[in-house]
Structure formats: structure tokens, C-alpha cells
Amino acid sequence: MKKVSLTGIKPTGDLHIGNYFGAIKPALELAKEYDARYFIADYHGLNTMKNPTELNSSIRQVAAGWLASGLDPEKVIFYRQSSIPEVFELTTMIMAFTSKGLMNRAHAYKAAVQENNEKGDDPDAGINMGLFTYPILMAADIIIFDSDVVPVGKDQVQHIEMAQDIAQSVNANYGQPVLKVPNAAVQENVAVVPGLDGRKMSKSYNNTIPLFVPEKTLRKTIMRMVTNSQSVEEPKDPETSQVFQLYKLFADNSEQAALAARYRAGGMGWGEAKEELFRVVNRELTPVRERYDAIMADIPALDKILEQGAQKARPIAAATVKRFRKAAGIDC
Ligand code: TRP
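These lines cover the structure that appears in this document, whether it is placed above or below. (Residues numbered from 1 in each chain as written. Predicted model: local features only at pLDDT ≥ 70, side-chain atom pairs only at ≥ 80, totals over all residues. Heavy atoms only, no water.)

1. Topic: the nonpolar core
Counting 58 residues, the largest nonpolar core has Ile 17, Tyr 38, Trp 66 and Phe 78 as the members making the most contacts within it. Listed by contribution, the elements that provide at least two residues to this core are helix H1 (17-29), strand E2 (35-40), helix H3 (52-68), helix H10 (215-223), helix H11 (242-250), helix H12 (253-265), helix H13 (270-296) and helix H14 (299-328). Per-element tally for this core: the top contributor is H13, with 10 residues. Residue contacts for Ile 17: discarding those within four places in its chain leaves Val 193, Met 201, Ile 209, Leu 211, Leu 246, Phe 250, Val 281 and Leu 285. Judged by nonpolar contacts, the second largest core, of 44 residues, contains Leu 6, Met 93, Ile 143 and Val 150. (Core = buried A, V, L, I, M, F, W, Y, C linked by side-chain atoms within 4.5 Å. Buried < 20%, exposed > 50% of the residue type's maximum accessible area, 1.4 Å probe, protein only. Helix = DSSP H or I, 4+ residues; strand = E, 2+ residues; numbered from the N terminus. Contact = heavy atoms within 4.5 Å.)

2. Some words on unusual backbone geometry
A positive phi is found at Asp 146, a non-glycine position, where the angle reads about 50°. Its location among the elements puts Asp 146 in the loop between helix H8 (134-143) and strand E4 (149-152). A positive phi angle, close to 55°, is found at Asn 206, a residue other than glycine. Tracing the chain through its elements places Asn 206 in the loop between strand E5 (183-186) and H10. By relative accessible area, Asn 206 is classed as exposed at 69%.

3. Notes on the packing of helix H4 (residues 85-95) against H8
As a packed pair, H4 and H8 sit with axes 9 Å apart at the nearest point and diverge in direction by 120°. Comparing their axes, H8 and H4 come out oblique. You can see that H4 and H8 cross each other, and the crossing is right-handed. Residues Val 87, Phe 88, Leu 90, Thr 91, Ile 94 and Met 95 of H4 form the contact with H8, whose participating residues are Ile 136, Leu 137, Ala 139, Ala 140, Asp 141 and Ile 143. (Axes fitted to C-alpha atoms, helices over the stretch in contact; angles between N-to-C directions. Parallel < 35°, antiparallel > 145°, perpendicular 65-115°, else oblique. Left-handed = near helix turned anticlockwise from the far one by under 90°.)

4. Here we look at H8
Burial within H8 is extensive, with 10 of its 10 residues counted as buried. Taken as a whole, H8 has its buried residues at Tyr 134, Pro 135, Ile 136, Leu 137, Met 138, Ala 139, Ala 140, Asp 141, Ile 142 and Ile 143.

5. Examining the packing of aromatic side chains
One pass over the structure, following the stated rule, counts 14 aromatic pairs. With 4.7 Å between their ring centres and 70° between their planes, Tyr 109 and Phe 132 make a pair best called edge-to-face. Here the residue Tyr 109 occupies a position in helix H6 (residues 107-119), and Phe 132 occupies one in helix H7 (residues 129-132), the gap between them amounting to 23 residues. Residues Tyr 109 and Phe 132 agree in their burial class; the two are buried. Summarising the aromatic geometry, the rings of Phe 212 and Tyr 292 are spaced 3.8 Å apart at their centres and angled 0° between planes, so their arrangement reads as stacked. In this pair, Phe 212 sits in the loop between E5 and H10 while Tyr 292 sits in helix H13, placing the two residues 80 residues apart along the sequence. Here Phe 212 and Tyr 292 have matching classes, each one buried. Among the aromatic residues, ring-to-ring pairing joins Phe 244, Tyr 247, Tyr 263 and Trp 270 into one connected group. Taking the ring centre of Tyr 205 as reference, the NZ or CZ of Arg 199 above it sits at 4.1 Å. (Phe/Tyr/Trp six-rings, centres within 6.5 Å; stacked < 30°, edge-to-face > 60°. Lys NZ or Arg CZ within 6 Å of the ring centre and 35° of its normal.)

6. Notes on the packing of H3 against H13
Close contact between H3 and H13 brings their axes to 9 Å; oriented N to C, the two are set at 135°. On the basis of their axis angle, the class for H3 and H13 is oblique. For the element pair H3 and H13, the recorded crossing hand is right-handed. Of H13, the residues touching H3 (which contributes Arg 60, Gln 61, Ala 64, Gly 65, Leu 67 and Ala 68) are Val 288, Arg 291, Tyr 292, Ile 295 and Met 296. In terms of residue class, the contact of H3 with H13 is made up of 7 nonpolar, 2 polar and 2 charged. (Nonpolar A, V, L, I, M, F, W, Y, C, P; charged D, E, K, R; others polar.)

Given below as C-alpha cells:
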């Protein structure tokens, strides 16, 4: 039997090229090797997003974005967290095995408290219980599907360790392997995608190239990339150029070699270098964008895909809860 991988997707709209190379593409690769499952963490989104229109459209955008990027709902399981009520039942059960101290030590919570302290506010100002207990819900997301491997960025490793702690406490208490203990697969060699200003591409830096914008907007955005002030004639170093680093993600080896030679020869200005970049970005993104637009034009069909995913996921989730209830002396 193949091992199970589980990828949790935060419902953020406005996916960008950094997400595409840093998260979406590597996560989709997992489907080759694993029994891969993907879900939209929409109840996690509720902790921070209280505007219903915004949350609703973020859920749809992110679902459509992953489908357009190549997620095949026939081959993997793709669902919304909120469609699996067993996740929330498991959350309650594992709460009984999670010390409050463990939550106090969570990085995200500690950072929020520190920020309050620095401002001289009450330490828990603006922190809801959803944020405080976030690692427990995340542990339930993972454990409920008997996940072997959870691909995450470094910032999420602590959450996986907490899920391990929780599952081990349950197993130790009942003296049997009631819950599968998951492992983190830390994504080390994923591409760092430079943003428009040269820093890592990130929504919080406001330096992103969005994935799903019309061609004209895409071109304009790329032309805004910051470069140095070298003249057209001057030879340029492709290795230190962010424009070239981005180009490399989209171009094949011979294209890369050819353009690197033109950089080094001089006679090509930054405007032209960016036009070359736009050409390859647009080449890759055009079919993705077309699929995305088609999916967003038929929301009932999108919802149906997610619903069918939930139907595949629920029996697995129900079996985990049943096993736990039986071990716990509830339901016997
Ligand atoms: N916390 C993850 C993030 O911020 C999202 C997430 C929620 C998740 N539940 C998960 C990831 C379960 C992996 C497994 O990106």
C-alpha cells in the first residue's frame, strides 16, 4: 500500500508565482509517489478572516488555482476541511490529551503575545481561541487521515511535532496504536522565488507577480521589476540578476544558456531582459490561466468536485474517530 501524504492549503486568494513554485508544484509532485490528499483549511481561515465574501471567494480561488495548476481530483482526494465534521469531533477528543502548556509554546501564539507586550497591550489582546488552539485542529486534520507524511515549510515543523506529541500521548494512554504518528517532510530544495523588489516573493512584502491576471497586467507587473542602473551597452551578470533568476524557473536549459550569453555580451538593456522574462512566464501561465478562468466561470461544478472529494474522505475520517472512541470507552 502506498503511504499517505497530506497537504493543507490556507484559503488565501491572489495566488502568486512564489506559491506556484514554492508550494503548489512541489505538492502536486507528491501524487506520483503517495496516496495524496489535499484540503482547503477553511475553518483555519475563519480565525483571521471574518468577512464572509472575502473568505468565500478565497476558498474558491485557491481551489480553482490548485485545480488549474494540475491537481487531478480523480487521482487524489481534494476536499474542504469544513465538509468533514469528524475532524472537529477528533479535535475535541485530542484536546483531552493536549496540555495547555504545549499551546503556550506555539511559535505563532508566542509571537502574537510578544507583539502585544511590545505595544504595552494586554498580552492576549486580539488573540482568539481559534488561533490559540490552531495546532490542535491542525493535528486533527493530519491524524484523521492516517497521514504518514506532511509536506511543510520550516515554519510549520513545530505544528507537526505537536501532532506527533498528541498522537503519542493517546497511544501511550491506551497502550495501543490508536492513531498514526505523522512525519514532517520539510521542503528544503524548493525554489526561492525573487519578488519584484528582489526580496523573497511574498504577499506581506507586496512584491508579488500574481498567477491569474490578464496578460496585459502580467506584462505591466513584470516590467515594474527593480533592476540596477546599468546601461544597455554594459555587460550584465545573469547570476546576480533577479530578472534572470526568475527567467530560469520558466525557461529550458538551452534558453537559459542563450539568454545568459546575451546578458554577458552587453547590448541588451533591462527592458528587453524583462520582455524575455514576460515571454516565458506568459507561455507557461497562459494555459493555467485559461483553465482557472474556465473553472471560476462554473462555480457549481467546482463545488461538486470538492463535494465528491469530501465523500471519498469522510469514511476514512469516520473510521479513525470510531477507532478512537472504541479505545476511549465511548461507544462500546
Ligand atoms: N498551518 C498550515 C499553514 O499555515 C495550513 C494547514 C492547516 C495544514 N492544517 C494543515 C498544513 C494540516 C498541513 C497539514 O500553511
